[in-house]
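Observations on the three-dimensional arrangement
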Amino acid sequence: MEWQLWVIETLRRALVYGTPILLGTLGEIYAERSGILNLGVEGMMILGAFVGFTTAFVTKNPWLGFLAGAFVGGAASLLHGFLSIHLRVIQVVSGLALTLFGLGLTGVLGRGWEGQPLKASIAELSVPGLSRIPVLGPILFTDQNLLVYIGIGLAVLLWWVLFKTSWGITVRSVGEDPRTADALGINVALVRYCCTFIGGLLAGLGGAYLSIVYRPSWTQGMTAGMGWIVIALTIFSLWHPLVAIGGSYAFGSLFYLSFRLQPWVAPELLTIMPYLFTILAPLLLHASRRLRRRMGAPGALGLPYRREEE
Amino acid sequence: MKKAVLFALCLVFLLTGAIGLQAQDKLKVGFIYVGPIGDMGWTHAHEVARRIVEDTFPWVETVYQESVPEAKVEGVIDRMVRRERCAVVFTTSFGFWEGTVAAAKKYPDTIFAHCSGFMRAPNLATYMADFYQIYYLNGLMAGALTKSNKVGYVGAFPIPEVKRHINAFTMGVREVNPKAEVHVRWIEAWFDPAKAKEATNSLIDAGCDVFAFTEDSDTVVQVAAENRMPVFGHYSPMYNSAPDYVVSGQLVHWENFYLDFLSKVHAGYYTSKNLENVDYWDLLKEGSVEVGAKFGMPVNPKWKSRLGKTYDLVMERIAQMSDFQMVFDPFTGPIYSRKGAVVVPVGVRANYGHLLSLEYAVKGVVGSWPGEPK
């Protein structure tokens, strides 16, 4: 059946392309839930992509590459954390600085690595049995890479932590009202550092995915604006990890369809489609009353916290 | 003590003076790039040529500036002319034309050359090494290799240059395989690996099994190789990215132009007064472009037997187009647009102006085609 084939092809590609976006979005959700707006996602992703690639290239082990990429993303996020939590710099500025820093540094360091194919990518695998389920089998369980499952698994895990554990409440309360949280004896700075670090780890992992799995090679500027999509999708997902799954894969589907539909629809219109979606979707969600109540950004998002006695 | 200081100062002045004098003996040449020199395409190719120029001519000294935004080129030219004292400035992107034309007016004694442009002045020449003949040759091979009769093409922007290349490619495909179609996807970017990847995947899903492209990375090559399908490299030698699947590709020798132009400047043949009609339009016969998976390998030996008779045809066409008289050119009539109009009449060879402003799609091109004439 023709339409079934279309659904399968589109969703397969959506999973592959949407995974780094999902990883980045999950991380940014944590950072923002704790009140830290990190516009440095693009920078952390490209750092993760570069370090992940070089590590996998040298050690011939993609998993070390993922680890190194995530770690570098995390380290870079601590820079933003130090500036915005400790020094209370305007978060927009320090995040933008991180993006520019990441793009610039990897551009200089990456010269010699350009165009070298990575032999040590991870294998695609099929799940026996499950791959024979109609429609769902070919999408999810045939020749998919492990990171796709890790991404979805992480989304569920992070949702559970954020909404079902006491540490999740701590994170959310720090993001909503750090003063009250502080009065309750919560170490606001520590929670924010942790969440920013999680954000960096996941952005770095997403970047490493790009250079190790998605396109196993290094190219300057290869994130090509994905970090900004992540920031838009964080808002679209209402800062909710499970909604982020839908958002990321919807964006991935539209991205693929913008090429698949070209023989019938003008390419200019199609190329803006995924981006239009990230703008329009929050607006549409906003129209729903029930969602609007839940939707508001974390109360203290982007605001540095300062104790009164200081 | 005072004397010693004075002596040292004198020495410093003398030395710097000497260095200054020495530097003035050299012809100082500035290169302005639109992209990073590390890309796998356009800017990298110019940078390779710049290094060859510097190694070849001991009397040339070069400076360059990479990743210059198109709107900021004038400021960079100012710096190169005033501070660096460049006598010749090359601006290597179409979008630099306004800034270059303005600068040429401002600095009438400096020689400018603008790549891929069309506006000239007494001190401003234009130059271009075009790939359409190479794309045609790649098309011949693609036509022979496709089994599904669907060839995929990932295009950057729907502008005359890219359209010319796709048309030439398609004419090659159809010459060998009249039933084959060339399916086109636009990504609206010169460089965007993710878009190139999904565009290629969408072409694979649409049934294509051979690929060519215009994008400044080797993404399309990678995706094709993953799916075990033949592909043609673009701009850089991409053989090493996938030695089993890169059949051939388009390669450039910008140094060919730079060496020629600068030696004529050095000889006093080109000055800042006589460039009004100097326009290089370099094709195979000038040696500025080359067909190949990498330099010196027109066809990947692994694919030679699969090409069969077409291999001989490719070699014959290379010889014909490399001939000084250019006894063959793909843009020779009759050529029909896919809307059925005669765009080049029987026996006529499309001229330079026609090729430069071409908007139509020839028969065999499938896919949307922004700006297509009615």
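Residues numbered from 1 in each chain as written. Chains lettered and ligands numbered in written order. Predicted model: local features only at pLDDT ≥ 70, side-chain atom pairs only at ≥ 80, totals over all residues. Heavy atoms only, no water.

1. Overview of the side chain of Thr 146 of chain B
All names here are of chain B. Take Thr 146: it is sitting in the loop between α5 (132–145) and β6 (150–155). Within the local environment of Thr 146, its side chain forms a polar contact with the backbone nitrogen of Asn 149, the two atoms lying 3.0 Å apart. The residues touching Thr 146, leaving out its near neighbours within four places in the chain, are Val 151, Asn 177, Ala 180, Asp 209 and Val 210. (Helix = DSSP H or I, 4+ residues; strand = E, 2+ residues; numbered from the N terminus. Polar contact = N/O pair within 3.5 Å; in protein donor to acceptor, adjacent residues only side chain to side chain. Contact = heavy atoms within 4.5 Å.)

2. Some remarks on unusual backbone geometry
Residues and elements named next belong to chain B. Gly 333 connects to Pro 334 through a cis peptide bond whose omega is 5°. By the element assignment, Pro 334 lies in the loop between α11 (309–322) and β13 (335–336). If you check the backbone angles, Glu 188 has positive phi at about 55° while not being a glycine. Of note, Glu 188 is situated in the loop between β7 (181–186) and α7 (193–205). Glu 188 sits in the buried class, given a relative accessible area of 19%. (Buried < 20%, exposed > 50% of the residue type's maximum accessible area, 1.4 Å probe, protein only.)

3. Points about a nonpolar patch on the surface
Residues Leu 269, Ile 272, Leu 276, Ile 279, Leu 280, Leu 283 and Leu 284 of chain A make up a contiguous nonpolar surface patch of roughly 700 Å² in combined accessible area. In this fold, Leu 276 of chain A is placed in helix α12 (residues 267–287). (Patch = residues over 30% accessible without salt bridge, like charges linked within 9 Å, V, L, I, M, F, W, Y side chains within 5 Å. Areas by Shrake-Rupley, 256 points an atom, 1.4 Å probe, with all protein chains shown as cover. Salt bridge = Lys/Arg side-chain N within 4 Å of Asp/Glu carboxyl O.)

4. Concerning the interface of chain A and chain B
Taken together, the contact between chain A and chain B spans 27 residues of the former and 33 residues of the latter. Counting each side, the surface lost to burial between chain A and chain B is near 2600 Å², with a carbon and sulfur contribution of 56%. Remark: the boundary between chain A and chain B carries three salt bridges. Between Arg 111 of chain A and Glu 66 of chain B there is a salt bridge, with the nearest N and O atoms lying 2.6 Å from each other. Seen at the junction of chain A and chain B, the total is 13 residue pairs in polar contact (both at pLDDT 80 or more). (Buried area = accessible area lost by both parts, 1.4 Å probe.)

5. A closer look at the pairing of strand β10 (residues 246–252) of chain B
Residue and element names in this part refer to chain B. Taken across its seven residues, β10 has seven buried, putting it largely inside the fold. Note that strand β9 (residues 231–235) and β10 share five bridges and pair parallel. Residue pairing across strands places His 234 opposite Gln 250, the latter belonging to β10. Two strands pair when backbone bridges link them, and β10 and strand β12 (residues 289–291) are joined in this way by three bridges, in the antiparallel orientation. By the bridge assignment, Val 252 is partnered in β12 with Val 289. (Pairing = 2+ DSSP bridges.)

6. Quick notes on the sheet that holds strand β5 (residues 124–129) of chain B
All names here are of chain B. Here six strands make up an open sheet; going across it, the order is β2-β1-β3-β4-β5-β11 and the pairing parallel. Two strands in the sheet have a free side with no partner beyond their single neighbour: β2 (60–65) and β11 (279–282). Pairs of neighbouring strands in the sheet enclose a mean axial angle of 15°, with direction left out of account. Judged from the four bridges that link them, strand β4 (residues 111–115) and β5 form a sheet pairing that is parallel. Opposite His 114, over in β5, you have Thr 126 as the bridge partner. Against the sheet, helix α4 (residues 97–106) makes contact with β3 (88–91), β4 and β5, and its axis sits at roughly 165° relative to β4, the strand it touches most. (Axes fitted to C-alpha atoms, helices over the stretch in contact; angles between N-to-C directions.)

7. Some points on the packing of aromatic side chains
All names here are of chain B. Applying the stated rule across the entire model yields 44 aromatic pairs over all chains. Ring geometry for Phe 261 and Tyr 270: centres 5.2 Å apart, planes at 45°, overall tilted. A residue is classified by how much of its surface remains accessible, and Tyr 270, at 10% relative accessible area, is buried. (Phe/Tyr/Trp six-rings, centres within 6.5 Å; stacked < 30°, edge-to-face > 60°.)

8. Here we look at the confidence of the model for chain B
When pLDDT drops low, the exact placement of atoms in the prediction is not to be read closely. Averaged over all residues, the pLDDT of chain B is 91; the fraction at 70 or higher stands at 94%. Put simply, helix α1 (residues 2–25) of chain B is where chain B has its lowest mean pLDDT, 54, and strand β8 (residues 210–213) of chain B is where it has its highest, 98. (pLDDT = per-residue confidence, 0-100.)

9. Remarks on helix α2 (residues 42–56) of chain B
With 15 residues, α2 of chain B should reach 21 Å at 1.5 Å per residue; the first-to-last C-alpha distance of 21 Å fits that figure. Residues Trp 42, Thr 43, Ala 45, His 46, Glu 47, Ala 49, Arg 50 and Val 53 of chain B constitute the buried set of α2 of chain B. (Expected span 1.5 Å × (residues − 1).)

10. As for the domain arrangement of chain B
Residue and element names in this part refer to chain B. The domain architecture assigned to chain B consists of domain 1 (2–119) and domain 2 (132–251 + 289–366). A C-alpha centroid distance of 35 Å is found between domain 1 and domain 2. Contact with domain 1, which involves six residues of that partner, is made by seven residues of domain 2. Taking both sides of the interface into account, the surface hidden between domain 1 and domain 2 amounts to around 610 Å²; carbon and sulfur atoms contribute 61%. In terms of surface lost to domain 2, no three residues of domain 1 exceed Met 40, Gly 41 and Trp 42, which account for 73% of the buried area on that side. In terms of residue class, the side of domain 1 that touches domain 2 is built from three nonpolar, two polar and one charged. (Domains from an automatic or database assignment. Nonpolar A, V, L, I, M, F, W, Y, C, P; charged D, E, K, R; others polar.)

11. Here's the deal with the environment of Lys 197 of chain B
Relative to the elements of secondary structure, Lys 197 of chain B occurs in helix α7. Judged by its relative accessible area of 5%, Lys 197 of chain B is buried. Considered as a pair, Lys 197 of chain B and Val 221 of chain B are 24 residues apart in the sequence and their alpha carbons are 9.4 Å apart. Those residues in contact with Lys 197 of chain B, other than ones at most four positions away along the chain, are Arg 13, Val 213, Tyr 214 and Arg 215 of chain A together with Thr 219, Val 223 and Glu 226 of chain B. In terms of polar contacts, Lys 197 of chain B uses its side chain to reach the backbone carbonyl oxygen of Tyr 214 of chain A, at 2.2 Å.

12. A word on the packing of helix α3 (residues 62–86) of chain A against helix α4 (residues 91–109) of chain A
In helix packing, the relevant descriptors are the interaxial angle and the interaxial distance, both defined with respect to the helix axes. All names here are of chain A. At a closest axis distance of 9 Å, the pairing of α3 and α4 adopts a crossing angle of 155°. Here α4 runs roughly antiparallel to α3, going by the angle between their axes. In terms of crossing hand, the pair formed by α3 and α4 is right-handed. Residues Ala 76, Ser 77, Leu 79, His 80, Leu 83 and Ser 84 of α3 pack against Gln 91, Ser 94, Gly 95 and Leu 98 of α4. Here the residues of the contact of α3 with α4 are counted per class, giving four nonpolar, six polar and no charged. (Parallel < 35°, antiparallel > 145°, perpendicular 65-115°, else oblique. Left-handed = near helix turned anticlockwise from the far one by under 90°.)

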